[in-house]
Amino acid sequence: MKPTLKAGLGSPVGPLTVHVREGAVVALDWRPCPRDDDDPVLRQAVEELAAYFDRRLETFTVPLRPAGSPFQQRFLATLCAIPFGQTRTYGDLSKALGVSAQAVGQACGANPIPILIPCHRVLGTCGLGGYSGSGGVETKVALLRLESAAALLI
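Note that this is a predicted model, so its numbers are computed, not measured.

A.B. asks: Please clarify how the environment of arginine 55 should be interpreted in this entry.
C.D. replies: The topology assignment puts arginine 55 in the loop between helix 1 (40–53) and helix 2 (70–80). Between the alpha carbons of arginine 55 and alanine 45 there is a distance of 15 Å; along the sequence they are 10 residues apart. The residues contacting arginine 55, other than those within four sequence positions of it, are Arg145 and Leu146. At a separation of 3.5 Å, a polar atom in the side chain of arginine 55 contacts the main-chain carbonyl oxygen of arginine 145.

Structure below.
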């Protein structure tokens, strides 16, 4: 297996590191990047994230290859289909996928590529629900505000 390449960027929700392997993003995490590799997919991911945070981009096009079971792959594809600025509830996704809301919550928490795969757009029926990214729910709210989806929280 080829090594993972990394690049970092600062963002309104903290330092982010993008991980790329074999031509696709495989992970994103909230850590300062120990190195910046030179790779076209890394450059594209960093540029798209910067444009997203500057409110110049609503749809990511960088190639993604998250690891996961067939259910996780189906779930992550469902997340990617939630449009910018819109939200779904854990219950909505539960019904669509034929699984429990708890399974949806666990799958959200296991999302290896947050922001690019928008798990922040999934809310509880009576509130925000959780968020596994650094900063927790405050980060989720910041991302929803960035997308002008914060009005949906009221």
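Continuing now.
A.B. asks: I'm lost on the pattern of salt bridges in this one. Help?
C.D. replies: Note that side chains of opposite charge can pair when their charged atoms are close. Inspection of the entire model under this criterion finds 4 salt bridges. Between arginine 43 and aspartate 38 there is a salt bridge; the shortest N-O distance is 2.2 Å. Of the residues examined, arginine 43 reaches a relative accessible area of 39% and is grouped as partly exposed.

A.B. asks: When you look at the layout of surface pockets in this model, what are you seeing that I'm missing?
C.D. replies: Sizing a probe to match a water molecule and rolling it over the atoms shows the empty space that remains. Computed from the structure, the largest pocket encloses a volume of approximately 170 Å³. Looking at the largest pocket, it is lined by 13 residues, and the ones nearest its centre are Thr59, Phe60, Cys80, Leu116 and Arg121.

A.B. asks: Looking at this model, I keep getting lost on helix 1. Mind explaining?
C.D. replies: Because an α-helix packs 3.6 residues into every turn, residues spaced three or four apart end up facing the same way. Spanning 14 residues, helix 1 covers 20 Å between terminal C-alpha atoms, matching the ideal 20 Å at 1.5 Å per step. Among the residues of helix 1, Val41, Leu42, Ala45, Glu48, Leu49, Ala51, Tyr52 and Phe53 are the ones counted as buried. Contacts from the buried residues of helix 1 go to strand 1 (5–9), strand 2 (16–21), strand 3 (24–29) and helix 5 (137–146). At the N-terminal boundary of helix 1, the capping side chain belongs to aspartate 39, with an oxygen 2.9 Å from the backbone nitrogen of valine 41. Positive backbone phi, at 65 degrees, marks arginine 55, one or two positions downstream of helix 1.

A.B. asks: When you look at unusual backbone geometry in this model, what are you seeing that I'm missing?
C.D. replies: For residues besides glycine, phi is generally negative; the peptide bonds are generally trans as well. The backbone of arginine 55 sits at a positive phi, close to 65 degrees, despite the residue not being glycine. The phi dihedral of isoleucine 115 is positive, around 75 degrees, even though this residue is not glycine. Among the secondary structure elements, isoleucine 115 is positioned in the loop between helix 4 (101–109) and strand 5 (122–123).

A.B. asks: Can you walk me through the packing of aromatic side chains in this structure?
C.D. replies: Ring pairs (aromatic) are described by centroid distance and by the angle formed between their planes. The final tally for this structure, using the stated rule, is 5 aromatic pairs. An angle of 90 degrees between the planes, with centres 6.1 Å apart, marks the rings of tryptophan 30 and tyrosine 131 as edge-to-face. Here tryptophan 30, found in the loop between strand 3 and helix 1, pairs with tyrosine 131, found in the loop between strand 5 and helix 5; they are 101 residues apart in sequence, far enough to count as distant. When its relative accessible area of 16% is taken as the criterion, tryptophan 30 is described as buried. Taken together, the ring pairs connect Tyr52, Phe53, Phe60 and Phe84 into an aromatic cluster.

A.B. asks: It is not clear to me how helix 4 should be interpreted in this structure. Could you clarify?
C.D. replies: Residues Val104, Ala107 and Cys108 constitute the buried set of helix 4. Axial view of helix 4: buried residues confined to an arc of 105 degrees, hence all on one face. Helix 4 presents Gln102 and Gln106 as exposed residues on the side facing more than 90 degrees away from its buried surface.

Rules used in this analysis
- Residues numbered from 1 in each chain as written.
- Predicted model: local features only at pLDDT ≥ 70, side-chain atom pairs only at ≥ 80, totals over all residues.
- Heavy atoms only, no water.
- Helix = DSSP H or I, 4+ residues; strand = E, 2+ residues; numbered from the N terminus.
- Contact = heavy atoms within 4.5 Å.
- Polar contact = N/O pair within 3.5 Å; in protein donor to acceptor, adjacent residues only side chain to side chain.
- Salt bridge = Lys/Arg side-chain N within 4 Å of Asp/Glu carboxyl O.
- Buried < 20%, exposed > 50% of the residue type's maximum accessible area, 1.4 Å probe, protein only.
- 1 Å grid on protein atoms, 1.4 Å probe; cavity = no way out; pocket = protein on both sides within 12 Å on 5 of 7 lines; lining within 4 Å.
- Points joined across faces, edges and corners; volume = space filled by probe spheres on them.
- Expected span 1.5 Å × (residues − 1).
- Phe/Tyr/Trp six-rings, centres within 6.5 Å; stacked < 30°, edge-to-face > 60°.
- Arc of directions from axis to C-beta.

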